[in-house]
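For reference, the chains in residue letters:
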Amino acid sequence: MDIKICGLNTEKSVAAALDGGASHVGFIFFPKSPRNIAPEDAGRLRQAAIGRANAVAVTVDATDSELERIISTVKPDMLQLHGKEAPERIGEIKQRFGLPVMKALAISTADDLNRIAPFKGIADRFLFDAKPPAGSQLPGGNGVSFDWTLLSKLPAGLDYLLSGGINSENVAEALRMTNPPGLDISSGVERTPGVKDPALIAAFFAAVRRASAQSVV
Ligand SMILES: O=C(O)c1ccccc1N[C@@H]1O[C@H](COP(=O)(O)O)[C@@H](O)[C@H]1O
């Protein structure tokens, strides 16, 4: 199963994610986020992931020139589009930059699953996150979960990461209820917003291993 640790901004946190076995390391390029990172810093940090994990650049309704700067500096393996990007815009971005795209969709009701279909065949993967709480300036990274039972109605074989408020305490339940192809976690391994804790990252991977071991017994 893929595991993406997102919002990394220090060498220690990247090392903890890689040592834990992360398949993806995520960097946030969104100035309002406490996890926002300069492309130059992310470009330096992502070096440690080469040959070990995929680097993901997370953007929110970024312009072509913003994407150009991030991509040329960071050289990510994948883009995560976490704004209101329409399918047409995703097609344009893929054609212009030639990178796979993971489209984030906020889920709060069964109707939200209807928003998946227009992106099929365009987005390479999906990421399902909770809707931001009222007043939040962040489209993601709010540490809020959604009703995971909604995912029982997903089209079979859909490739996605489960995201939103996942942490060491609830990951076993998340895996039991959804059996997702992958997980994405950010604030659940932080000491304070934007400050990753290597010990919490290690504890998270240990919790995933425990949950996975229990599910095969
Ligand atoms: O984390 C952020 O600050 C952020 C900002 C803008 C877009 C996306 C962002 N984070 C994404 O949201 C998920 C879920 O976060 P959490 O685990 O609920 O805190 C995170 O992994 C990022 O992919």
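Owing to the predicted nature of the structure, the values given are computational and were not obtained by experimental measurement.

(A) Structural view of the UniProt feature "domain: N-(5'phosphoribosyl) anthranilate isomerase (PRAI)" (unreviewed entry) in the protein. The residues that UniProt annotates with the feature "domain: N-(5'phosphoribosyl) anthranilate isomerase (PRAI)" (unreviewed entry) are residues 3-206. The annotated region residues 3-206 carries 27% helix and 22% strand content, and the separation between its end C-alpha atoms amounts to 12 Å.

(B) The arrangement of the sheet that holds strand β2 (residues 24-29) in detail. With respect to topology, 8 strands assemble into a closed barrel ordered β1-β2-β3-β4-β5-β6-β7-β8, the strand pairing being parallel. Neighbouring strand axes in the sheet, compared pairwise and without regard to direction, differ in orientation by 25° on average. Relative to strand β8 (residues 182-185), strand β1 (residues 2-5) runs parallel, the two being bridged by 4 bridges. Following the sheet pairing, Ile3 is matched in β8 by Leu183.

(C) View of helix α5 (residues 171-178). Among all positions in α5, only Val171, Ala174 and Leu175 are buried. Down the axis of α5, the buried set is contained in an arc of 95°. They therefore lie on one face.

(D) Local environment of the site of the ligand. Taken together, 26 residues lie near the ligand, and Cys6, Ser33, Gly140, Gly141 and Ser187 sit nearest. Those elements that provide at least two residues to the shell around the ligand are β2 and β8. Taken together, the residues that form the shell around the ligand break down as 9 nonpolar, 14 polar and 3 charged.

(E) Local environment of the confidence of the model for the protein. Residue-level pLDDT values for the protein average 96, and 99% of them are 70 or greater. As scored by the predictor, the complex reaches a pTM of 0.96 and an ipTM of 0.98.

(F) Seen up close, the nonpolar core. Grouped together as the largest cluster of nonpolar side chains are 53 residues, with contacts concentrated most on Ile5, Ala17, Val25, Phe27, Phe29 and Ala57. In this structure, Val25 is in contact with Ile5, Leu8, Val14, Ala17, Arg46, Ala49, Ala53, Ala55 and Val56, ignoring residues within four places of it in sequence.

(G) Fine view of the pairing of strand β6 (residues 125-130). Looking at chain direction, strand β5 (residues 101-107) and β6 are connected through 6 bridges and run parallel. Looking at the pairing, Leu105 lines up with Phe128 of β6. In the sheet, β6 pairs with strand β7 (residues 160-163) via 3 bridges, with the strands oriented parallel. Across the sheet, the residue bridging to Phe128 is Leu162, located in β7.

(H) Structural detail: helix α1 (residues 11-20). For α1, the full list of buried residues reads Ser13, Val14, Ala16 and Ala17. Here the buried residues of α1 occupy an arc of 160° about the axis, which is enough to place them on one side. Counted as exposed and oriented over 90 degrees from the buried face of α1: Glu11 and Lys12. Looking at the residues trailing α1, positive phi occurs at Gly21, about 110°.

Each value, and the rule that gives it
- Residues numbered from 1 in each chain as written.
- Predicted model: local features only at pLDDT ≥ 70, side-chain atom pairs only at ≥ 80, totals over all residues.
- UniProt positions renumbered as here; feature names shortened; annotations may be inferred.
- Helix = DSSP H or I, 4+ residues; strand = E, 2+ residues; numbered from the N terminus.
- Pairing = 2+ DSSP bridges.
- Axes fitted to C-alpha atoms, helices over the stretch in contact; angles between N-to-C directions.
- Buried ≥ 20, exposed ≤ 12 C-beta atoms within 10 Å, placed from the backbone.
- Arc of directions from axis to C-beta.
- Near = placed C-beta within 6 Å.
- Nonpolar A, V, L, I, M, F, W, Y, C, P; charged D, E, K, R; others polar.
- pLDDT = per-residue confidence, 0-100.
- Core = buried A, V, L, I, M, F, W, Y, C linked by C-beta atoms within 7 Å.
- Contact = placed C-beta atoms within 7 Å.

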